[in-house]
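Breakdown of the fold
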Amino acid sequence: MYISNITVFMPSVLTLIGIPGLESVQCWIGIPFCITYLIAIIGNSLLLIIIKSEPSLHEPMYIFLGMLAVTDMALLTSVVPKMLGIFWFHIPEIYFDSCLLQMWLIHTFQGIESGILLAMALDRYVAICYPLRHAAIFTPHLISQIASAVILRAALLVAPCLVLIKFRLQFYYKTVVSHSYCEHMAIVKLATGNIRVNKIYGLFVAFNIAVFDLSFITLSYIQIFITVFRLPQKEARLKAFNTCIAHICVFLQFYILAFFSFFAHRFGSHIPTFIHILISSIYLLVPPFLNPLVYVKTKQIRDHVLKMIFSKRHPDH
């Protein structure tokens, strides 16, 4: 354990200790983390290749799915390589500014992912409730506007967290981050002085993104279910419902893990620290790992995966 009792003015380097209390077994914990990362990268890359190569998948639903895949890979790549460097190669040091950059990237990508899930829910809402108007509403121009808005919203909302840390928190009583990556509150808690503004703004960003997105996602699916259950034919109901199952699974796993991690980190003082850190790390790893597996089960993606596999096995056909 690294301990510093000296107050430091704007430290140039911070130390990430990984998972406190589990330092002796971190090399083993790194193995499933690495496997999960590699599977997630391969799975999301495969999704992108399929979506890009198949003109029939150049629809809003799959364009948003492609954006989700890119975001997932970017999020994991901003976290996992450094995490494995701590676990396997005992390189815990990170430049202060690099730590702030990693923090901004993590929270920005999480915000973008939440925004994409909202866009996917709205796409399904229009496709099922107003099918004849779907193509006219979700034009390529609107999709590009939604993508820009989702990215800018997340980037601009998270950016003040950097400013508040860099210019408000000058002195630090510790330079050791009790975490496996640079999480906002884990950095803020190192500082001396009043950190209330930083805490309040962090909560504002989290609730602004999560509550706004989750509210509209929930309303969209309520309307979708009402419309689906009103359809006269059972086959039509099942077909409409099946197009939403993958989206429901993805956004449930994202938000359940997000809220569990958020509340455990802030209000679970009786929970051991290593469980907090493990939950936070799993929250970052699991959705990008599961998303491709969920969508490969949808008929359109599955058909194209099988087509790719069998065309490679039988090149003459």
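Everything numeric in this text was worked out from a predicted model, so none of it was measured. (Residues numbered from 1 in each chain as written. Predicted model: local features only at pLDDT ≥ 70, side-chain atom pairs only at ≥ 80, totals over all residues. Heavy atoms only, no water.)

1. Digging into the UniProt feature "transmembrane region" (unreviewed entry) in the protein chain
- Feature annotation in UniProt assigns "transmembrane region" (unreviewed entry) to the following positions: residues 28-50, 62-89, 101-122, 142-165, 200-228, 240-262 and 274-296.
- When the span residues 101-122 is considered, its composition is 100% helix and 0% strand, and the gap between its end C-alpha atoms is 31 Å. (UniProt positions renumbered as here; feature names shortened; annotations may be inferred. Helix = DSSP H or I, 4+ residues; strand = E, 2+ residues; numbered from the N terminus.)

2. Quick look at the sheet that holds strand E3 (residues 93-95)
- If you trace the 3 strands from one edge of the open sheet to the other, you get E3-E2-E5, paired in mixed fashion. Every other strand in the sheet has two partners, leaving E3 and strand E5 (176-177) as the edge strands with one partner each.
- Direction of pairing for strand E2 (residues 13-16) relative to E3: antiparallel, over a ladder of 3 bridges. Paired with Val13 across the two strands is Tyr95, which belongs to E3.
- Sheet strands in contact with helix H4 (residues 96-129) are E2 and E3, and its direction is about 85° off that of E3. (Pairing = 2+ DSSP bridges. Contact = heavy atoms within 4.5 Å. Axes fitted to C-alpha atoms, helices over the stretch in contact; angles between N-to-C directions.)

3. Overview of the packing of helix H6 (residues 140-168) against helix H8 (residues 196-230)
- One can describe the packing of H6 onto H8 by two numbers: an axis separation of 10 Å at closest approach and a directional angle of 170°. Classified by the interaxial angle, the pair formed by H6 and H8 is roughly antiparallel. Contacts between H6 and H8 pair Arg153, Leu156, Leu157, Val158, Pro160, Cys161, Leu164, Ile165 and Arg168 from the former with Val197, Asn198, Tyr201, Phe204, Val205, Asn208, Ile209, Phe212 and Asp213 from the latter.
- In the contact of H6 with H8, the residues fall into 13 nonpolar, 2 polar and 3 charged. (Parallel < 35°, antiparallel > 145°, perpendicular 65-115°, else oblique. Nonpolar A, V, L, I, M, F, W, Y, C, P; charged D, E, K, R; others polar.)

4. Brief notes about the packing of aromatic side chains
- The full count for this structure, using the stated rule, is 14 aromatic pairs.
- The interplanar angle of 40° and the centroid separation of 5.6 Å between the aromatic rings of Tyr201 and Phe204 together place this pair among those described as tilted. Of this pair, Tyr201 and Phe204 both sit in helix H8, 3 residues apart, which is roughly one turn of that helix.
- Owing to a relative accessible area of 17%, Tyr201 belongs among the buried residues under this scheme.
- Between the aromatic rings of Phe251 and Tyr255, the centroid separation amounts to 6.3 Å while the plane-to-plane angle is 70°, which identifies the pairing as edge-to-face. (Phe/Tyr/Trp six-rings, centres within 6.5 Å; stacked < 30°, edge-to-face > 60°. Buried < 20%, exposed > 50% of the residue type's maximum accessible area, 1.4 Å probe, protein only.)

5. A look at unusual backbone geometry
- With phi around 45°, Met10 is a residue other than glycine that occupies positive phi space.
- When you line up the elements, Met10 lands in the loop between strand E1 (8-9) and E2.
- Phi at His90 takes a positive value of approximately 50°, unusual for a residue other than glycine.
- Relative to the helices and strands, His90 resides in the loop between helix H3 (80-89) and E3.

6. Description of the pairing of E2
- Where E2 meets E5, 2 bridges bridge the pair, whose relative direction is parallel. Among the inter-strand pairings, Thr15 is bridged to a residue of E5, identified as Val176.

7. What to know about the state of the cysteines
- Within this structure, the stated rule accounts for 1 disulfide.
- Two residues, Cys99 and Cys182, share a disulfide whose sulfurs are 1.9 Å apart. Every disulfide takes its handedness from the sign of the S-S torsion; for Cys99 and Cys182 that torsion is -110°, giving left-handed. Of this pair, Cys99 sits in helix H4 while Cys182 is found in the loop between E5 and helix H7 (184-188), placing the two residues 83 residues apart along the sequence.
- Cys99 gets classed as buried once you look at its relative accessible area, which sits at 0%. (Disulfide = S-S within 2.5 Å.)

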